[in-house]
Every structure is written in C-alpha cells, then in structure tokens.
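Given next are the chains, with one letter for each unit.
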Amino acid sequence: MGLTSTTPELEIAAVEPPSSPTTADRRTRRSSYYPWLVFALTFALLLSDYMSRQVLSAVFPFLKADWALSDSQLASLTSIVALMVGLLTLPLSLLADRWGRVKSLVLMATLWSVATLLCAIASNYEQMLAARFLVGVGEAAYGSVGIAVVLGVFAPRVHSTLSGAFMAGGSFGSVVGVSLGGVIAVHLSWRWSFAAMAVLGLLLVALFRALVTERRLAEHAADQDVETVGSTGSTIRVPVSSLFTNPAVWCAYLGGGLQMFTAAVLLSWTPSFFNRYYGMAPDKAGAIASVFVLLVGTGMIVCGIITDRVSRNDPAGKWSSAIAFCLISLLALGLGLRLDTGAPQLVLLGIGAFFAAGSSGPSAAMVASLTHPSVRSSALGTLTVANNVLGLALGPFVIGILADRLGLLEALQLSPLVYVLAIVALVAGKRLYPAGLRKLAAQSAAAAA
C-alpha cells in the first residue's frame, strides 16, 4: 500500500489535481456553515456507531432466554467488537489516509449497519457472533478517521472542543442505544432493536454520502492543511514513522491513554458499586450509573471548551489544561471513594466523573498539532489504540482482578492513582512540545522537498 522496502514511508504521490483548489480558492469558496454540517453528520454517524455496538446489552435477557446462552457466550458477543476495534484501528486508519477518508467512512458505516441488520435476522449464537465480528470490523477506525475529517475543516483554536465533543459521542450513543434498544425490545422484539439501529445507520450513510465529498472538504480545509498540497499541486505525504519518532507525540499518546483508565473503571463498575454499597436494585443502580456516564461525556465537551479558551494565545496551554483535569479527578475520586456512603461522597464522585476523561479532547488536539495532516487519521488511530489498551480495556480488567482479591471498594480506591502516571506523561509532553513542533516542521519541509 505504498510502503517501500527500505524506509517505512508513504510515497509522495504526484497528482495533477484539477480538484485541488489553491489557498485563495479555498478562502473564496469556504462557507461558515459547511464545517458544522460535516461535524453534525460525522457526529450523528458516531452516535449510530455506539448505538449499534451497545444495543446488544439491552437484549441480553432476551437472547439468554431464547437461545439458552451462558454468560460467557453473551460476553463474547460484546468482546468480539472491542477486539476487532483494538486490532484494526491503526491499519484501517493508515488505509483511510491513503484511499480517501470520505470513502472510508461511508464504507465503514455501511458495513456496521448491514452487520447490525444481520444481527436482527440471526437464528443462533454462531450467526450472531459472525455478525458482531463484522460490526467490529466496520467500527474499528471510524472514531480516528471521523475526527480527522472534522479537525481538517476547523481551525486549531477549537480542536480541543471538537475532539472532546466527538469522543463524548461514545458515551451518549451508548446510553441512547441501551435505552432505546430496551424499549423497542419490550414493545416489539429484540430483533427490531437491531433492525432499528441498522436502518438509522443506513439513512445517515446516505445523507453523509450526498453532502460530504473529498472535494468540498478540500475547499473548506483549515489553513494548516494547505501544506498537504505542494507548490506544484502534488500531494505531500510524510513517512508513517513520523507517528512514532516525535517524543512529544509519545507523551500525548501515553497521557491520553492513561487518563482513560479511571474513566473506563467508572463506566464499567459504577452499577456494581451502587448495587453493593448503596443497596440499590440492579435496575436502579444502572439508572444512577447512567447519570455518571452522562457526566463523563458532558465533562469531555466542557473541558474541551475550557481548554480552547485558555490556550487561545498559548498552544502549550492544552498540556496544562489536561494536567489540571487529571489532578482534579485524582483528588475528587481519591477522597470521595474513602468517604462513607451518602451525599458528600456522591458529590465528590460526580465531580471526579465530570473531569475523569476531560483530558481526552486536549490529548487529541495535541496529537493533531504534532502530526502532519497527511497521516492525521493514523495518528488519531494510534491515540485510539492507546485509549483502548491503556484505558478502556486495561482499567475494568485490572480493577476486576483487584476486586476479587481486595474487594470492589478497595480496588476502586486504587484506580485514581493511575492519574499520577498520566500527569507525569503530560508534564513531560509539555516540556518536549516546542521541540516536537520543530521536528514536525522539519518533517514537513523534508517531505515537500
């Protein structure tokens, strides 16, 4: 796919593009509404992504009763999606950077929607597992490629806000998918729960395909993306190795992934926490836990907005904001989990949840600012892998093991300490940030030459 045998580079493709507008053309043709239309449609597909993924949780009881499935079989229908996302995010992001991001997004969304429809007509566990495998393949790189498309048409001054909002879509989509899927399953059937998600996804794909094109994205590209087209009209591509040779980018990957550890723990274990320590029935515990899920998602958006405001005149301020959000959550959760049950504990847990993933938006913005636009999907895909490996997958698993040995509360009390590692990575990244920008400039100049 364009990789040479001697250097891990993407080729510099000489394309004579009648469709590559000049900077002046872009400024003439650019409209103020189109970037927001791109964001709205891309975000809507992200909601569809997580609704299709999480609707399964709402129909577990129905599948268990109809097919006499064990809990491990039910769990495998969920984990197969996460496994595919973890394995395929980076390679599919690399392909999208070469093949075309819009075409890639359309193909991904079509695949997961059709696969969700196959879930609706599955007649046994094996067919459902195969369909869920395809759901995971379709969803694997959507987050990284989608946010790359969005950031490409917006100025860097709002990248933290947009990144935080985009990532928060996962929380909102999960809540909507489980809630709506449960209602449909009760009133119609579990098959209609899957079918509804599939139809919604296909409708959004058609709308996205009609309104978003590579040409229109090029016409509305932010100024920093102009450097992807050389003075002769040739497309500039930097080496893939640039994703990993900049120390500041490594710090952003590590800091972003580690700050997701405790957020993932909250998303997974708060229902059990309220069930065991507040004596709530499972349905009520789940409802209260969903409030904390929404707090995590809302905090990602608000923290992104705050970051863009404080770093407007100082781009390095994104690192400081990310550090502050980690510190607030560390203190709030660390203290709250050591209080007795009651209102003070709930308030502190709510504050901690709000800031738990607040560094997500700044982390994505920092990765975007330190990598060339031609490999931005791949860079954000690498961040997604870090988020999944270090946070979303590792957090719940480690706390589950510790809970078996120490008890759930004691294990939860240890989870905020991972923020210390995230803070160390982010502090190092802030110190390395100026050198990282110089390295990016040198890579871009070398590719252009």
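This one's a predicted model, so the numbers in the text were calculated from it and none came from an experiment.

J.: Give me the overall build of the protein chain: which residues, what numbers.
T.: What the protein chain contains, in helices and strands, is 18 helices and zero strands. With 449 residues in all, the protein chain has 53% of them scored as buried. Of all intrachain contacts in the protein chain linking residues separated by at least 6 positions in sequence, the fraction that spans at least 24 positions is 83%. Here the protein chain displays about 18600 Å² of accessible surface, and carbon together with sulfur accounts for 68% of that area.

J.: For the pattern of salt bridges, give the residues involved together with the corresponding values.
T.: According to the stated counting rule, one finds two salt bridges in the structure shown. Between Asp49 and Arg53 there is a salt bridge, and its shortest N-O distance comes to 3.8 Å. Here Asp49 and its partner Arg53 are both found in helix 2 (residues 34-58), four residues apart, which amounts to about one turn of the helix. Between Glu139 and Arg53 there is a salt bridge, with the nearest N and O atoms lying 2.9 Å from each other. Separated by 86 residues along the polypeptide, Glu139 in helix 6 (residues 125-139) and Arg53 in helix 2 bring together distant segments of the chain. A relative accessible area of 2% places Glu139 in the buried class. Overall, the relative accessible area of 16% leaves Arg53 in the buried class. Ionic contacts of the salt-bridge type, sharing partners, join the residues Asp49, Arg53 and Glu139 into one network.

J.: Requested: an account of the environment of Arg438, with residues and values cited.
T.: Position of Arg438 among the secondary structure elements: in helix 18 (residues 418-448). Taking the C-alpha atoms as reference points, Arg438 and Asn246, separated by 192 residues in sequence, lie 9.9 Å from one another.

J.: Go over the packing of aromatic side chains, please, and point to the residues and values.
T.: What the rule picks out here adds up to 15 aromatic pairs. When the centroid spacing of 5.5 Å and the interplanar angle of 40° are considered together, the rings of Phe273 and Tyr277 count as tilted. Taken together, the residues Phe273 and Tyr277, both in helix 11 (residues 247-277) and four residues apart, mark about one turn of the helix. Relative accessible area serves as the criterion here: at 3%, Phe273 is assigned to the buried category. The lysine or arginine in question, Arg53, covers the ring of Tyr50, its NZ or CZ lying 4.5 Å from the ring centre.

J.: Lay out the side chain of Glu139 with the relevant residues and their values.
T.: A distance of 2.9 Å separates polar atoms of two side chains, one belonging to Glu139 and the other to Arg53. Beyond its immediate stretch of four places on either side in the chain, Glu139 contacts Asp49, Ser52, Arg53, Val81, Val85 and Trp112.

J.: Could you give me a rundown of a nonpolar patch on the surface, with the residues and numbers involved?
T.: A surface patch of nonpolar side chains, about 470 Å² in accessible area, is lined by Val114, Leu118, Ile121, Phe133, Leu134 and Leu202. Of all the secondary-structure elements, those providing two or more residues to the nonpolar patch are helix 5 (101-121) and helix 6. Tallying contributions element by element places helix 5 first for the nonpolar patch, with three residues. Looking at where Leu118 falls in the secondary structure, it is placed in helix 5.

J.: So what's going on with empty space enclosed by the protein? Residues and values would help.
T.: With the rule as written, the count across this model stands at one cavity of 30 Å³ or more. When its volume is computed, the largest cavity comes out at roughly 110 Å³. Lining the largest cavity are Thr262, Val265, Leu266, Trp269, Thr270, Phe273, Phe274, Phe292, Leu337, Leu349, Leu412 and Ser415. Here the lining of the largest cavity takes seven residues from helix 11, the largest share from any one element.

J.: Lay out helix 9 (residues 190-211) in plain terms, naming residues and giving numbers.
T.: Compared with an ideal rise of 1.5 Å per residue, which puts 22 residues at 32 Å, helix 9 spans 33 Å between its outermost C-alpha atoms and is within 8% of the ideal. Every buried residue belonging to helix 9 is among Trp190, Ser193, Phe194, Ala195, Met197, Ala198, Gly201, Leu204, Val205 and Phe208, and all of these are buried. Structurally, helix 9 contributes buried residues whose contacts are with helix 2, helix 3 (60-67), helix 5, helix 6 and helix 8 (159-187).

J.: Go over the packing of helix 2 against helix 7 (residues 142-152), please, and point to the residues and values.
T.: For the pair helix 2 and helix 7, the least separation of the axes is 9 Å and the interaxial angle reads 170°. The pairing of helix 2 with helix 7 is recorded here as roughly antiparallel in orientation. Note on element contacts: helix 7 touches helix 2 through Tyr142, Gly146, Val149 and Val150, opposite Val38, Phe39, Thr42, Leu45, Leu46 and Asp49.

J.: I'd like a description of the confidence of the model for the protein chain, backed by residues and values.
T.: Taken as a whole, the protein chain shows an average pLDDT of 80; of its residues, 86% reach a score of 70 or greater. Below pLDDT 50 for its whole length, residues 1-28 participates in 48 contacts with residues either more than four positions away or in separate chains. Confidence over residues 224-234 falls short of pLDDT 50; this stretch has 29 contacts with residues more than four positions distant or in other chains.

J.: I'd like to hear about the side chain of Thr382, residue by residue, with values.
T.: Positionally, Thr382 belongs in helix 16 (residues 376-406). Non-local contacts of Thr382, meaning those with residues more than four positions away in its chain, are made with Leu90, Leu243, Phe244 and Tyr253.

J.: Could you give an account of the packing of helix 11 against helix 14 (residues 343-356), with specific residues and numbers?
T.: Across the interface, helix 11 lies against helix 14 with an axial gap of 9 Å and an inter-helix angle of 140°. Considering their axes alone, helix 11 and helix 14 lie oblique with respect to each other. Regarding helix 11 and helix 14, the two cross each other, and that crossing is left-handed. For the pair helix 11 and helix 14, contact is made by Gln259, Ala263, Leu266, Phe273 and Phe274 and by Gln345, Leu346, Leu349, Ala353 and Ala356, respectively.

Conventions we followed
- Along every chain, residues carry numbers that run from 1 in the direction the sequence is written.
- In view of the model being predicted, local features appear only for residues whose pLDDT reaches at least 70, and side-chain atom pairs are presented and counted only at 80 or more, with totals across whole chains, interfaces and linings using the full set of residues.
- Processing note: side-chain calculations cover all non-hydrogen atoms of the structure and skip hydrogens and water entirely.
- Only DSSP runs of H or I covering at least 4 residues are called helices, and only runs of E covering at least 2 are called strands; the numbering of each starts at the N terminus.
- Burial classes follow relative accessibility: with a 1.4 Å probe on protein chains only, a residue under 20% of its type's maximum area counts as buried, one over 50% as exposed, and anything between as partly exposed.
- Only heavy atoms matter for contacts: two residues are in contact if any of them lie within 4.5 Å across the pair.
- For accessible areas, the Shrake-Rupley method is used with a probe of radius 1.4 Å. Any residue's cover is judged against the shown protein chains and nothing else.
- Each salt bridge in this description consists of a side-chain nitrogen of Lys or Arg and a carboxyl oxygen of Asp or Glu lying within 4 Å of one another.
- Two aromatic rings from Phe, Tyr or Trp, using only the six-membered ring of Trp, form a pair when their centres are within 6.5 Å; if the ring planes differ by under 30 degrees the pair is stacked, by over 60 it is edge-to-face, and anything between is tilted.
- In this scheme, Lys NZ or Arg CZ marks a charge over a ring once it lies within 6 Å of the ring centre and within 35 degrees of the ring normal.
- We call two N or O atoms a polar contact when they sit within 3.5 Å, provided that within protein one can donate a hydrogen and the other can accept it, with sequence-adjacent residues counted only if both atoms are side-chain atoms.
- Each patch is built from residues lacking any salt bridge and having more than 30% relative accessible area; the joining distance is 9 Å for like charges and 5 Å for nonpolar side chains (Val, Leu, Ile, Met, Phe, Trp, Tyr).
- Points on a 1 Å grid, built from protein atoms alone, make a cavity when a 1.4 Å probe fits but cannot get out and make a pocket when they are open with protein on both sides within 12 Å along at least 5 of 7 lines; residues with an atom within 4 Å of a point are the lining residues.
- Grid points are joined across faces, edges and corners, and a volume is the space filled by probe spheres set on the points.
- One fewer than the residue count of a helix, multiplied by 1.5 Å, yields its expected span.
- Lines are fitted to the C-alpha atoms to define the axes, a helix being fitted only along its stretch in contact, and any angle between axes, read from their N-to-C directions, falls within 0 to 180 degrees.
- Throughout this description, any angle smaller than 35 degrees is read as roughly parallel, any larger than 145 degrees as roughly antiparallel, any in the 65 to 115 degree range as roughly perpendicular, and the remainder as oblique.
- As a per-residue measure, pLDDT tells how confident the predictor is, with possible values from 0 to 100.
- When the near helix sits turned anticlockwise from the far one by under a right angle, the crossing is termed left-handed; a clockwise turn instead gives a right-handed crossing.

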